[in-house]
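Spelled out from the first residue to the last, the chains are:
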Amino acid sequence: MKASQFFISTLKEAPAEAALPSHKLMLRAGLIKANASGLYTWMPMGLRVLRKVENIVREEMNRAGAVELLMPVVQPAELWQESGRWDFYGKELLRIKDRHERDFCLGPTCEEVITDIVRKEFNSYKQLPKNFYHINTKFRDEVRPRFGVMRAREFVMKDAYSFHADYESLVKDGYQPMYDAYCRIFDRLGLDYRPVAADTGSIGGTGSHEFQVIAESGEDVIAYSDASDYAANVELAQTLPLTGERAAPAAPLNKVSTPNVKTIAQLVEFLTIPVETTMKSIVVAGENEGELVLLLLRGDHEFNDIKAEKLTGVKSPLEMASPEAVRAAFGADGGSLGPVGFAGKVYADYALEKGADWVIGANENDCHYTGFNFGRDAAEPEFVDLRNVVAGDPSPCGTGSLKLARGIEVGHVFQLRDKYSAAMNAVFLDNNGKSQVMEMGCYGIGITRIVAAAIEQNHDERGMIWTDSMAPFTAVIVPMNYKKSEAVRQAADDLYAQLLAAGVDVLLDDRDERAGVLLNDSELLGIPHRIVIGDRGLKEGVVEYTQRATGETRSVALAEVKSLFE
(Lines give C-alpha, C1' and ligand atoms only; values in the text may rest on other atoms or scores of the structure.)
Protein backbone atom coordinates (compact mmCIF):
# COMPACT_ATOMS: atom_id res chain seq x y z
CA MET A 1 0.00 0.00 0.00
CA LYS A 2 1.23 3.48 -0.84
CA ALA A 3 0.62 6.16 1.77
CA SER A 4 -0.73 8.49 -0.89
CA GLN A 5 -3.48 5.93 -1.60
CA PHE A 6 -4.07 5.14 2.06
CA PHE A 7 -5.09 7.41 4.95
CA ILE A 8 -2.65 8.47 7.66
CA SER A 9 -3.81 11.01 10.22
CA THR A 10 -1.39 11.52 13.11
CA LEU A 11 -1.33 14.12 15.90
CA LYS A 12 1.59 15.66 17.78
CA GLU A 13 -0.33 15.56 21.07
CA ALA A 14 -3.09 13.34 22.40
CA PRO A 15 -6.38 14.90 23.56
CA ALA A 16 -6.40 15.85 27.23
CA GLU A 17 -9.06 13.29 28.16
CA ALA A 18 -6.80 10.36 27.24
CA ALA A 19 -5.19 8.80 30.33
CA LEU A 20 -3.67 5.41 29.47
CA PRO A 21 -0.73 5.15 27.04
CA SER A 22 -2.82 2.99 24.71
CA HIS A 23 -5.62 5.57 24.55
CA LYS A 24 -3.18 8.41 23.94
CA LEU A 25 -1.23 6.55 21.27
CA MET A 26 -4.27 5.17 19.44
CA LEU A 27 -5.67 8.70 19.14
CA ARG A 28 -2.32 10.25 18.22
CA ALA A 29 -1.61 7.60 15.61
CA GLY A 30 -5.08 7.90 14.13
CA LEU A 31 -6.07 4.29 14.85
CA ILE A 32 -9.40 5.41 16.31
CA LYS A 33 -11.59 8.52 16.39
CA ALA A 34 -14.01 9.23 19.24
CA ASN A 35 -17.67 9.66 18.31
CA ALA A 36 -19.22 9.78 21.79
CA SER A 37 -18.43 8.49 25.26
CA GLY A 38 -17.28 4.89 24.82
CA LEU A 39 -17.97 4.89 21.06
CA TYR A 40 -15.18 4.91 18.47
CA THR A 41 -14.68 4.69 14.73
CA TRP A 42 -11.84 2.36 13.81
CA MET A 43 -9.86 4.28 11.20
CA PRO A 44 -8.05 2.48 8.35
CA MET A 45 -4.75 2.10 10.21
CA GLY A 46 -6.42 0.77 13.35
CA LEU A 47 -8.75 -1.49 11.39
CA ARG A 48 -5.76 -3.23 9.83
CA VAL A 49 -4.52 -4.13 13.31
CA LEU A 50 -7.98 -5.26 14.37
CA ARG A 51 -8.38 -7.48 11.31
CA LYS A 52 -4.99 -9.13 11.91
CA VAL A 53 -6.05 -10.02 15.44
CA GLU A 54 -9.36 -11.34 14.13
CA ASN A 55 -7.61 -13.47 11.51
CA ILE A 56 -5.36 -15.15 14.06
CA VAL A 57 -8.32 -15.78 16.37
CA ARG A 58 -10.38 -17.17 13.48
CA GLU A 59 -7.56 -19.49 12.35
CA GLU A 60 -7.11 -20.94 15.83
CA MET A 61 -10.84 -21.31 16.41
CA ASN A 62 -11.15 -23.23 13.17
CA ARG A 63 -8.10 -25.31 14.04
CA ALA A 64 -9.73 -26.22 17.37
CA GLY A 65 -12.86 -27.44 15.57
CA ALA A 66 -15.20 -24.55 16.31
CA VAL A 67 -17.73 -23.64 13.60
CA GLU A 68 -18.25 -20.02 12.66
CA LEU A 69 -21.65 -18.36 12.39
CA LEU A 70 -22.90 -14.80 12.90
CA MET A 71 -25.53 -13.89 15.48
CA PRO A 72 -27.43 -10.60 15.67
CA VAL A 73 -26.48 -7.58 17.74
CA VAL A 74 -30.17 -6.82 18.41
CA GLN A 75 -31.68 -9.64 20.47
CA PRO A 76 -35.31 -10.32 21.50
CA ALA A 77 -36.24 -9.73 25.13
CA GLU A 78 -38.08 -13.05 25.32
CA LEU A 79 -34.85 -15.03 25.28
CA TRP A 80 -33.29 -12.93 28.05
CA GLN A 81 -36.48 -13.18 30.09
CA GLU A 82 -36.46 -16.94 29.65
CA SER A 83 -32.91 -17.24 30.99
CA GLY A 84 -33.70 -14.87 33.86
CA ARG A 85 -31.13 -12.26 32.87
CA TRP A 86 -33.46 -9.56 31.53
CA ASP A 87 -33.79 -8.04 34.99
CA PHE A 88 -30.69 -9.51 36.63
CA TYR A 89 -28.16 -8.09 34.16
CA GLY A 90 -28.86 -4.52 35.24
CA LYS A 91 -28.40 -1.22 33.47
CA GLU A 92 -25.45 -2.40 31.37
CA LEU A 93 -28.04 -4.15 29.21
CA LEU A 94 -29.31 -1.50 26.79
CA ARG A 95 -32.99 -2.17 26.29
CA ILE A 96 -34.84 -0.84 23.25
CA LYS A 97 -38.28 -1.10 21.64
CA ASP A 98 -39.09 -1.47 17.98
CA ARG A 99 -41.95 0.32 16.20
CA HIS A 100 -44.37 -2.33 17.41
CA GLU A 101 -43.41 -1.69 21.05
CA ARG A 102 -41.71 -5.06 21.32
CA ASP A 103 -38.74 -5.28 23.68
CA PHE A 104 -35.21 -5.96 22.45
CA CYS A 105 -31.70 -5.37 23.72
CA LEU A 106 -28.30 -4.68 22.24
CA GLY A 107 -26.47 -7.90 23.01
CA PRO A 108 -23.51 -7.76 25.41
CA THR A 109 -23.09 -11.51 24.90
CA CYS A 110 -24.95 -14.35 23.15
CA GLU A 111 -25.65 -17.24 25.55
CA GLU A 112 -29.39 -16.90 25.07
CA VAL A 113 -29.32 -16.63 21.28
CA ILE A 114 -27.00 -19.61 20.74
CA THR A 115 -28.90 -21.78 23.24
CA ASP A 116 -32.12 -21.01 21.41
CA ILE A 117 -30.52 -22.05 18.11
CA VAL A 118 -29.08 -25.29 19.48
CA ARG A 119 -32.27 -26.41 21.27
CA LYS A 120 -34.14 -26.11 17.98
CA GLU A 121 -31.51 -27.90 15.88
CA PHE A 122 -30.12 -30.61 18.18
CA ASN A 123 -32.12 -33.42 19.74
CA SER A 124 -29.74 -36.41 19.94
CA TYR A 125 -26.48 -37.24 21.70
CA LYS A 126 -25.18 -38.20 18.24
CA GLN A 127 -25.13 -34.50 17.29
CA LEU A 128 -22.93 -33.60 20.27
CA PRO A 129 -20.43 -32.16 21.04
CA LYS A 130 -20.57 -29.02 18.93
CA ASN A 131 -18.83 -25.66 19.28
CA PHE A 132 -20.06 -22.50 17.53
CA TYR A 133 -18.30 -19.13 17.48
CA HIS A 134 -18.67 -15.71 15.95
CA ILE A 135 -16.78 -12.41 15.86
CA ASN A 136 -19.13 -9.48 16.15
CA THR A 137 -19.93 -6.16 17.79
CA LYS A 138 -21.18 -6.18 21.38
CA PHE A 139 -22.65 -3.38 23.47
CA ARG A 140 -22.53 -2.86 27.22
CA ASP A 141 -23.87 0.40 28.58
CA GLU A 142 -20.95 1.09 30.91
CA VAL A 143 -21.76 3.62 33.61
CA ARG A 144 -18.37 5.26 33.09
CA PRO A 145 -16.64 4.33 29.84
CA ARG A 146 -12.92 5.03 30.13
CA PHE A 147 -9.45 4.20 28.89
CA GLY A 148 -10.39 4.33 25.22
CA VAL A 149 -11.26 0.95 23.71
CA MET A 150 -10.11 -0.77 26.90
CA ARG A 151 -13.50 -0.15 28.48
CA ALA A 152 -15.74 1.14 25.72
CA ARG A 153 -19.48 0.68 25.40
CA GLU A 154 -19.26 -0.80 21.92
CA PHE A 155 -16.55 -3.35 21.20
CA VAL A 156 -15.69 -6.36 19.06
CA MET A 157 -15.60 -9.75 20.73
CA LYS A 158 -15.08 -13.33 19.70
CA ASP A 159 -17.45 -15.51 21.65
CA ALA A 160 -17.74 -19.28 21.32
CA TYR A 161 -20.25 -21.69 22.87
CA SER A 162 -19.92 -25.44 23.15
CA PHE A 163 -22.64 -28.00 23.88
CA HIS A 164 -22.05 -31.48 25.31
CA ALA A 165 -23.78 -34.64 26.44
CA ASP A 166 -21.96 -34.75 29.79
CA TYR A 167 -19.46 -32.91 31.96
CA GLU A 168 -16.56 -35.12 30.90
CA SER A 169 -17.11 -34.06 27.29
CA LEU A 170 -17.40 -30.39 28.33
CA VAL A 171 -13.92 -30.53 29.82
CA LYS A 172 -12.28 -32.79 27.23
CA ASP A 173 -13.96 -31.61 24.02
CA GLY A 174 -14.80 -28.00 24.88
CA TYR A 175 -13.01 -26.30 27.74
CA GLN A 176 -9.52 -27.75 27.31
CA PRO A 177 -9.35 -27.33 23.51
CA MET A 178 -10.46 -23.70 23.89
CA TYR A 179 -7.94 -23.11 26.69
CA ASP A 180 -5.19 -24.50 24.45
CA ALA A 181 -6.40 -22.46 21.46
CA TYR A 182 -6.29 -19.29 23.55
CA CYS A 183 -2.70 -20.01 24.51
CA ARG A 184 -1.80 -20.42 20.83
CA ILE A 185 -3.60 -17.18 19.96
CA PHE A 186 -1.78 -15.10 22.54
CA ASP A 187 1.53 -16.77 21.73
CA ARG A 188 1.08 -15.88 18.06
CA LEU A 189 0.19 -12.31 18.96
CA GLY A 190 3.44 -12.05 20.89
CA LEU A 191 1.82 -11.08 24.19
CA ASP A 192 3.22 -11.63 27.69
CA TYR A 193 0.20 -13.23 29.37
CA ARG A 194 -0.88 -15.63 32.09
CA PRO A 195 -3.94 -17.89 32.29
CA VAL A 196 -5.34 -17.48 35.81
CA ALA A 197 -8.11 -19.21 37.72
CA ALA A 198 -11.00 -16.78 38.07
CA ASP A 199 -14.48 -16.25 39.47
CA THR A 200 -17.34 -16.90 37.07
CA GLY A 201 -19.14 -13.65 37.96
CA SER A 202 -22.50 -12.85 36.37
CA ILE A 203 -21.94 -15.35 33.52
CA GLY A 204 -22.37 -18.23 35.95
CA GLY A 205 -21.05 -21.77 35.90
CA THR A 206 -18.60 -23.75 37.98
CA GLY A 207 -15.10 -22.98 36.72
CA SER A 208 -13.25 -20.44 34.62
CA HIS A 209 -9.87 -19.05 33.61
CA GLU A 210 -9.00 -15.51 32.63
CA PHE A 211 -6.19 -14.73 30.22
CA GLN A 212 -4.38 -11.70 31.58
CA VAL A 213 -1.90 -9.58 29.64
CA ILE A 214 0.72 -8.38 32.12
CA ALA A 215 0.77 -4.57 32.23
CA GLU A 216 1.26 -2.00 34.98
CA SER A 217 -1.85 -0.14 33.83
CA GLY A 218 -4.06 -3.21 34.24
CA GLU A 219 -7.21 -2.93 36.34
CA ASP A 220 -6.93 -6.52 37.59
CA VAL A 221 -4.43 -7.93 40.06
CA ILE A 222 -3.23 -11.49 39.63
CA ALA A 223 -1.39 -13.68 42.07
CA TYR A 224 1.12 -16.28 40.92
CA SER A 225 3.56 -18.68 42.53
CA ASP A 226 7.28 -17.99 42.27
CA ALA A 227 7.94 -21.74 42.14
CA SER A 228 5.13 -23.27 40.06
CA ASP A 229 2.67 -22.47 37.28
CA TYR A 230 -0.12 -21.60 39.73
CA ALA A 231 -1.86 -18.31 38.92
CA ALA A 232 -5.24 -16.85 39.89
CA ASN A 233 -7.09 -13.58 39.93
CA VAL A 234 -6.49 -11.97 43.32
CA GLU A 235 -10.24 -12.20 43.93
CA LEU A 236 -10.07 -16.00 43.69
CA ALA A 237 -6.56 -16.79 44.99
CA GLN A 238 -6.92 -18.66 48.26
CA THR A 239 -5.21 -18.01 51.55
CA LEU A 240 -4.29 -21.01 53.69
CA PRO A 241 -4.95 -21.71 57.38
CA LEU A 242 -2.05 -20.82 59.63
CA THR A 243 -0.04 -23.62 61.24
CA GLY A 244 1.21 -23.93 64.81
CA GLU A 245 -0.37 -23.17 68.16
CA ARG A 246 -2.35 -20.07 69.03
CA ALA A 247 -0.48 -17.52 71.11
CA ALA A 248 -1.52 -17.46 74.78
CA PRO A 249 -3.39 -14.37 76.06
CA ALA A 250 -1.06 -11.95 77.80
CA ALA A 251 -3.45 -9.10 78.56
CA PRO A 252 -6.90 -8.76 80.09
CA LEU A 253 -9.89 -7.51 78.11
CA ASN A 254 -9.90 -3.77 78.63
CA LYS A 255 -12.34 -1.18 77.33
CA VAL A 256 -10.71 2.08 76.22
CA SER A 257 -12.23 5.36 75.09
CA THR A 258 -11.55 6.13 71.42
CA PRO A 259 -13.49 9.34 70.65
CA ASN A 260 -14.18 10.00 66.95
CA VAL A 261 -12.14 6.94 65.93
CA LYS A 262 -13.99 5.28 63.05
CA THR A 263 -11.28 3.70 60.88
CA ILE A 264 -8.38 1.32 61.37
CA ALA A 265 -5.93 4.07 60.40
CA GLN A 266 -7.38 6.38 63.05
CA LEU A 267 -7.31 3.58 65.63
CA VAL A 268 -3.67 2.78 64.95
CA GLU A 269 -2.70 6.44 65.26
CA PHE A 270 -4.79 7.08 68.39
CA LEU A 271 -3.49 4.07 70.37
CA THR A 272 -0.01 4.02 68.79
CA ILE A 273 -0.23 0.31 67.99
CA PRO A 274 0.83 -1.89 65.04
CA VAL A 275 -1.95 -2.30 62.48
CA GLU A 276 -1.32 -6.07 62.55
CA THR A 277 -2.79 -6.19 66.08
CA THR A 278 -6.13 -4.73 65.03
CA MET A 279 -9.26 -6.51 63.91
CA LYS A 280 -11.97 -5.00 61.71
CA SER A 281 -15.64 -5.93 61.60
CA ILE A 282 -17.86 -6.14 58.51
CA VAL A 283 -21.57 -6.83 58.94
CA VAL A 284 -23.54 -8.35 56.05
CA ALA A 285 -27.07 -9.59 55.54
CA GLY A 286 -27.79 -13.23 56.22
CA GLU A 287 -29.76 -15.63 54.04
CA ASN A 288 -32.83 -15.38 56.25
CA GLU A 289 -34.77 -12.14 56.62
CA GLY A 290 -33.48 -10.06 59.51
CA GLU A 291 -30.34 -12.13 60.15
CA LEU A 292 -26.91 -10.51 60.23
CA VAL A 293 -23.51 -12.15 59.82
CA LEU A 294 -20.32 -10.70 61.33
CA LEU A 295 -17.11 -11.04 59.32
CA LEU A 296 -13.77 -10.38 61.00
CA LEU A 297 -10.34 -9.85 59.45
CA ARG A 298 -7.03 -8.29 60.32
CA GLY A 299 -6.92 -4.51 60.10
CA ASP A 300 -4.28 -4.39 57.37
CA HIS A 301 -5.95 -6.97 55.13
CA GLU A 302 -8.36 -6.29 52.25
CA PHE A 303 -11.84 -7.78 52.44
CA ASN A 304 -12.78 -10.15 49.59
CA ASP A 305 -16.51 -9.85 48.93
CA ILE A 306 -16.52 -12.64 46.33
CA LYS A 307 -15.27 -15.14 48.90
CA ALA A 308 -17.65 -13.77 51.54
CA GLU A 309 -20.82 -14.19 49.50
CA LYS A 310 -20.08 -17.89 49.04
CA LEU A 311 -20.17 -18.56 52.80
CA THR A 312 -23.06 -20.57 54.22
CA GLY A 313 -25.69 -18.32 55.72
CA VAL A 314 -24.57 -15.19 53.83
CA LYS A 315 -27.02 -13.57 51.41
CA SER A 316 -25.98 -13.73 47.75
CA PRO A 317 -25.33 -11.41 46.06
CA LEU A 318 -23.53 -9.90 49.04
CA GLU A 319 -25.45 -7.15 50.80
CA MET A 320 -24.02 -4.92 53.51
CA ALA A 321 -26.23 -4.57 56.59
CA SER A 322 -28.06 -1.28 56.91
CA PRO A 323 -26.93 1.20 59.60
CA GLU A 324 -30.28 0.74 61.35
CA ALA A 325 -29.93 -3.06 61.43
CA VAL A 326 -26.35 -2.79 62.69
CA ARG A 327 -27.35 -0.44 65.51
CA ALA A 328 -30.21 -2.69 66.54
CA ALA A 329 -28.03 -5.82 66.64
CA PHE A 330 -24.83 -4.38 68.13
CA GLY A 331 -25.94 -1.29 70.03
CA ALA A 332 -23.35 0.79 68.19
CA ASP A 333 -22.53 2.24 64.81
CA GLY A 334 -19.96 1.12 62.29
CA GLY A 335 -16.39 1.78 63.42
CA SER A 336 -17.04 0.52 66.96
CA LEU A 337 -18.16 -3.06 66.28
CA GLY A 338 -16.85 -6.42 67.47
CA PRO A 339 -17.84 -9.98 68.40
CA VAL A 340 -18.20 -9.53 72.17
CA GLY A 341 -21.85 -10.11 73.02
CA PHE A 342 -22.98 -10.69 69.41
CA ALA A 343 -25.26 -13.72 69.22
CA GLY A 344 -25.32 -14.21 65.45
CA LYS A 345 -23.09 -16.13 63.05
CA VAL A 346 -19.43 -15.04 63.10
CA TYR A 347 -16.77 -15.84 60.51
CA ALA A 348 -13.12 -14.86 61.05
CA ASP A 349 -10.30 -14.86 58.56
CA TYR A 350 -7.57 -17.49 58.85
CA ALA A 351 -5.03 -14.78 59.70
CA LEU A 352 -6.78 -14.21 63.05
CA GLU A 353 -6.79 -17.82 64.23
CA LYS A 354 -3.37 -18.02 65.90
CA GLY A 355 -3.11 -14.49 67.27
CA ALA A 356 -3.87 -13.09 70.70
CA ASP A 357 -4.61 -9.78 72.44
CA TRP A 358 -6.40 -8.12 69.56
CA VAL A 359 -7.80 -4.58 69.46
CA ILE A 360 -11.45 -4.63 68.39
CA GLY A 361 -14.62 -2.52 68.56
CA ALA A 362 -16.45 -2.72 71.89
CA ASN A 363 -20.02 -2.44 70.51
CA GLU A 364 -20.24 0.97 72.14
CA ASN A 365 -19.73 4.14 70.14
CA ASP A 366 -16.27 5.67 70.61
CA CYS A 367 -15.00 2.64 72.51
CA HIS A 368 -12.68 -0.28 71.70
CA TYR A 369 -11.39 -3.33 73.51
CA THR A 370 -7.71 -4.11 73.88
CA GLY A 371 -6.57 -7.59 74.86
CA PHE A 372 -9.39 -9.39 73.04
CA ASN A 373 -9.00 -13.16 72.67
CA PHE A 374 -11.20 -15.75 70.99
CA GLY A 375 -12.50 -18.47 73.27
CA ARG A 376 -12.03 -16.33 76.38
CA ASP A 377 -13.88 -13.12 75.51
CA ALA A 378 -16.17 -14.41 72.75
CA ALA A 379 -17.07 -17.78 71.30
CA GLU A 380 -14.75 -19.33 68.76
CA PRO A 381 -15.83 -18.22 65.27
CA GLU A 382 -15.60 -20.31 62.13
CA PHE A 383 -12.24 -19.56 60.55
CA VAL A 384 -12.37 -19.18 56.77
CA ASP A 385 -10.67 -17.42 53.87
CA LEU A 386 -12.05 -13.86 53.82
CA ARG A 387 -9.33 -11.67 52.35
CA ASN A 388 -7.32 -10.90 49.27
CA VAL A 389 -3.91 -12.53 49.19
CA VAL A 390 -0.80 -10.37 49.58
CA ALA A 391 2.70 -10.80 48.20
CA GLY A 392 4.60 -13.36 50.24
CA ASP A 393 1.59 -15.49 51.20
CA PRO A 394 2.17 -19.23 50.71
CA SER A 395 0.98 -20.38 47.31
CA PRO A 396 -2.27 -22.40 47.52
CA CYS A 397 -0.64 -25.05 45.34
CA GLY A 398 1.78 -25.82 48.17
CA THR A 399 4.88 -24.73 46.27
CA GLY A 400 6.55 -21.37 46.67
CA SER A 401 5.22 -17.97 47.67
CA LEU A 402 2.81 -15.66 45.89
CA LYS A 403 3.80 -12.64 43.87
CA LEU A 404 1.38 -10.04 42.56
CA ALA A 405 1.20 -8.38 39.15
CA ARG A 406 -1.28 -6.17 37.37
CA GLY A 407 -3.03 -7.49 34.30
CA ILE A 408 -5.55 -6.70 31.58
CA GLU A 409 -8.15 -9.39 30.95
CA VAL A 410 -8.29 -10.17 27.23
CA GLY A 411 -9.92 -13.59 27.29
CA HIS A 412 -12.09 -15.74 29.54
CA VAL A 413 -13.20 -19.37 29.33
CA PHE A 414 -16.14 -20.70 31.39
CA GLN A 415 -17.62 -24.05 32.28
CA LEU A 416 -21.23 -22.90 32.22
CA ARG A 417 -22.62 -26.38 32.90
CA ASP A 418 -26.45 -26.16 32.69
CA LYS A 419 -27.07 -22.56 33.81
CA TYR A 420 -28.62 -21.59 30.46
CA SER A 421 -29.47 -24.96 28.96
CA ALA A 422 -31.64 -25.90 31.96
CA ALA A 423 -33.35 -22.50 32.10
CA MET A 424 -34.09 -22.60 28.36
CA ASN A 425 -34.84 -26.34 28.11
CA ALA A 426 -31.97 -27.22 25.78
CA VAL A 427 -32.27 -31.01 26.00
CA PHE A 428 -31.33 -34.08 23.97
CA LEU A 429 -32.05 -37.80 23.98
CA ASP A 430 -29.16 -39.89 25.33
CA ASN A 431 -28.21 -43.35 24.09
CA ASN A 432 -30.94 -44.81 26.29
CA GLY A 433 -33.60 -42.57 24.82
CA LYS A 434 -33.85 -40.45 27.97
CA SER A 435 -34.07 -36.67 27.90
CA GLN A 436 -31.00 -34.93 29.33
CA VAL A 437 -30.00 -31.29 29.74
CA MET A 438 -26.98 -30.25 27.69
CA GLU A 439 -23.72 -29.27 29.36
CA MET A 440 -22.42 -25.95 28.06
CA GLY A 441 -19.23 -23.89 27.90
CA CYS A 442 -18.54 -20.36 26.69
CA TYR A 443 -15.30 -18.74 25.61
CA GLY A 444 -14.74 -15.04 24.99
CA ILE A 445 -11.90 -12.93 23.61
CA GLY A 446 -11.96 -9.13 23.54
CA ILE A 447 -10.66 -8.38 20.06
CA THR A 448 -10.63 -4.60 20.49
CA ARG A 449 -9.22 -4.86 24.01
CA ILE A 450 -6.33 -7.00 22.75
CA VAL A 451 -5.20 -4.09 20.55
CA ALA A 452 -5.11 -1.71 23.53
CA ALA A 453 -3.51 -4.30 25.82
CA ALA A 454 -0.74 -4.97 23.33
CA ILE A 455 0.06 -1.24 23.23
CA GLU A 456 0.07 -1.01 27.02
CA GLN A 457 2.62 -3.79 27.06
CA ASN A 458 4.70 -2.60 24.12
CA HIS A 459 5.36 1.13 23.70
CA ASP A 460 7.98 3.76 24.42
CA GLU A 461 8.17 7.55 24.43
CA ARG A 462 8.14 7.60 20.63
CA GLY A 463 5.07 5.47 20.07
CA MET A 464 3.74 1.94 19.70
CA ILE A 465 5.87 -1.17 19.18
CA TRP A 466 3.97 -3.85 17.28
CA THR A 467 4.88 -7.47 16.74
CA ASP A 468 4.95 -8.58 13.10
CA SER A 469 1.71 -10.49 13.60
CA MET A 470 -0.30 -7.47 14.80
CA ALA A 471 1.30 -4.51 13.04
CA PRO A 472 -0.81 -2.54 10.56
CA PHE A 473 2.10 -3.01 8.15
CA THR A 474 5.08 -5.30 8.64
CA ALA A 475 7.50 -2.89 7.00
CA VAL A 476 7.61 0.74 5.91
CA ILE A 477 9.77 2.19 3.18
CA VAL A 478 10.66 5.81 3.95
CA PRO A 479 12.19 7.51 0.89
CA MET A 480 13.96 10.81 1.47
CA ASN A 481 12.86 13.38 -1.16
CA TYR A 482 10.66 10.91 -3.00
CA LYS A 483 9.09 13.71 -5.05
CA LYS A 484 12.39 15.35 -5.97
CA SER A 485 14.97 12.58 -6.41
CA GLU A 486 14.51 10.31 -9.39
CA ALA A 487 17.07 7.82 -8.01
CA VAL A 488 15.30 7.60 -4.65
CA ARG A 489 11.88 7.27 -6.25
CA GLN A 490 13.02 4.52 -8.60
CA ALA A 491 14.76 2.56 -5.81
CA ALA A 492 11.77 2.92 -3.50
CA ASP A 493 9.28 1.83 -6.15
CA ASP A 494 11.41 -1.15 -7.15
CA LEU A 495 11.90 -2.29 -3.55
CA TYR A 496 8.20 -1.81 -2.85
CA ALA A 497 7.31 -4.04 -5.81
CA GLN A 498 9.81 -6.70 -4.73
CA LEU A 499 8.48 -6.86 -1.19
CA LEU A 500 4.87 -6.97 -2.34
CA ALA A 501 5.71 -9.83 -4.69
CA ALA A 502 7.38 -11.64 -1.78
CA GLY A 503 4.19 -11.34 0.29
CA VAL A 504 5.46 -8.67 2.68
CA ASP A 505 2.76 -6.35 4.04
CA VAL A 506 4.63 -3.15 3.21
CA LEU A 507 3.77 0.55 3.28
CA LEU A 508 5.56 2.95 0.93
CA ASP A 509 5.40 6.35 2.60
CA ASP A 510 5.42 8.51 -0.50
CA ARG A 511 3.82 11.52 1.18
CA ASP A 512 5.29 14.93 0.39
CA GLU A 513 6.36 15.58 3.98
CA ARG A 514 9.59 16.55 5.74
CA ALA A 515 11.93 13.71 6.66
CA GLY A 516 11.29 14.28 10.36
CA VAL A 517 7.56 13.84 9.93
CA LEU A 518 7.97 10.60 8.00
CA LEU A 519 10.45 9.14 10.49
CA ASN A 520 8.44 10.21 13.54
CA ASP A 521 5.24 8.79 12.09
CA SER A 522 6.88 5.43 11.40
CA GLU A 523 7.90 5.21 15.06
CA LEU A 524 4.56 6.46 16.37
CA LEU A 525 2.76 3.85 14.25
CA GLY A 526 5.11 1.17 15.61
CA ILE A 527 5.79 -0.51 12.27
CA PRO A 528 8.32 -3.28 13.07
CA HIS A 529 10.75 -2.79 10.16
CA ARG A 530 11.78 0.49 8.55
CA ILE A 531 13.86 0.95 5.43
CA VAL A 532 15.08 4.49 4.79
CA ILE A 533 16.26 5.23 1.25
CA GLY A 534 18.35 8.33 0.53
CA ASP A 535 20.58 9.64 -2.25
CA ARG A 536 23.74 9.36 -0.13
CA GLY A 537 23.19 5.67 0.69
CA LEU A 538 22.19 4.80 -2.86
CA LYS A 539 25.58 5.99 -4.11
CA GLU A 540 27.06 3.17 -2.04
CA GLY A 541 24.22 0.74 -2.82
CA VAL A 542 22.88 0.65 0.76
CA VAL A 543 19.78 1.66 2.70
CA GLU A 544 19.24 2.23 6.41
CA TYR A 545 17.36 -0.56 8.19
CA THR A 546 15.86 -0.05 11.68
CA GLN A 547 14.10 -2.59 13.85
CA ARG A 548 11.44 -0.79 15.89
CA ALA A 549 11.47 -3.14 18.88
CA THR A 550 15.20 -2.92 19.58
CA GLY A 551 16.02 0.41 17.95
CA GLU A 552 18.91 -1.30 16.16
CA THR A 553 19.90 0.57 13.00
CA ARG A 554 22.34 -0.68 10.41
CA SER A 555 23.21 -0.31 6.75
CA VAL A 556 21.95 -3.05 4.48
CA ALA A 557 22.74 -3.54 0.81
CA LEU A 558 19.71 -2.60 -1.25
CA ALA A 559 19.89 -5.93 -3.03
CA GLU A 560 19.71 -7.79 0.30
CA VAL A 561 16.68 -6.05 1.84
CA LYS A 562 14.26 -8.66 0.55
CA SER A 563 16.21 -11.39 2.36
CA LEU A 564 15.42 -9.72 5.71
CA PHE A 565 11.84 -10.92 5.34
CA GLU A 566 12.47 -14.45 4.14
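Use the structure listed above.
Given the structure is predicted, the values throughout are model-derived calculations rather than measurements.

Scanning the model with the defined rule gives twelve aromatic pairs in all. Judged by centre distance (5.6 Å) and plane angle (85 degrees), the ring pair of Trp80 and Tyr89 falls under edge-to-face. Of the residues examined, Tyr89 reaches a relative accessible area of 15% and is grouped as buried. With a centroid separation of 5.3 Å and an interplanar angle of 55 degrees, the aromatic rings of Tyr182 and Phe211 are classed as tilted. Of this pair, Tyr182 sits in helix H6 (residues 167-188) while Phe211 sits in strand E10 (residues 207-214), and the two are 29 residues apart along the sequence. We note that Tyr182, like Phe211, is buried. The structure contains a cluster of three or more aromatic residues connected by ring pairs, namely Tyr179, Tyr182, Phe186, Tyr193 and Phe211. Sitting over the face of the ring of Phe473, Arg48 holds its NZ or CZ atom 4.0 Å from the ring centroid.

Pairing of E10 with strand E20 (residues 402-417), which is carried by eight bridges, proceeds in the antiparallel orientation. Bridge pairing links Phe211 to Gly411 in E20. Pairing of strand E11 (residues 220-225) with E20, which is carried by six bridges, proceeds in the antiparallel orientation. Paired with Asp220 across the strands is Gly407, a residue of E20.

Turning next to helix H13 (residues 515-524). Among all positions of H13, only Leu518, Asp521, Ser522, Glu523 and Leu524 are buried. Each element contacted by the buried residues of H13 is listed here: helix H1 (21-28), strand E25 (463-464), strand E26 (475-479) and strand E28 (529-533). Of the residues flanking the end of H13, it is Gly526, one or two places downstream, whose phi is positive at about 70 degrees.

What counts, and where the lines are drawn
- Residues numbered from 1 in each chain as written.
- Predicted model: local features only at pLDDT ≥ 70, side-chain atom pairs only at ≥ 80, totals over all residues.
- Heavy atoms only, no water.
- Phe/Tyr/Trp six-rings, centres within 6.5 Å; stacked < 30°, edge-to-face > 60°.
- Buried < 20%, exposed > 50% of the residue type's maximum accessible area, 1.4 Å probe, protein only.
- Helix = DSSP H or I, 4+ residues; strand = E, 2+ residues; numbered from the N terminus.
- Lys NZ or Arg CZ within 6 Å of the ring centre and 35° of its normal.
- Pairing = 2+ DSSP bridges.
- Contact = heavy atoms within 4.5 Å.

Function cannot be inferred from these measures alone, as they are strictly geometric.
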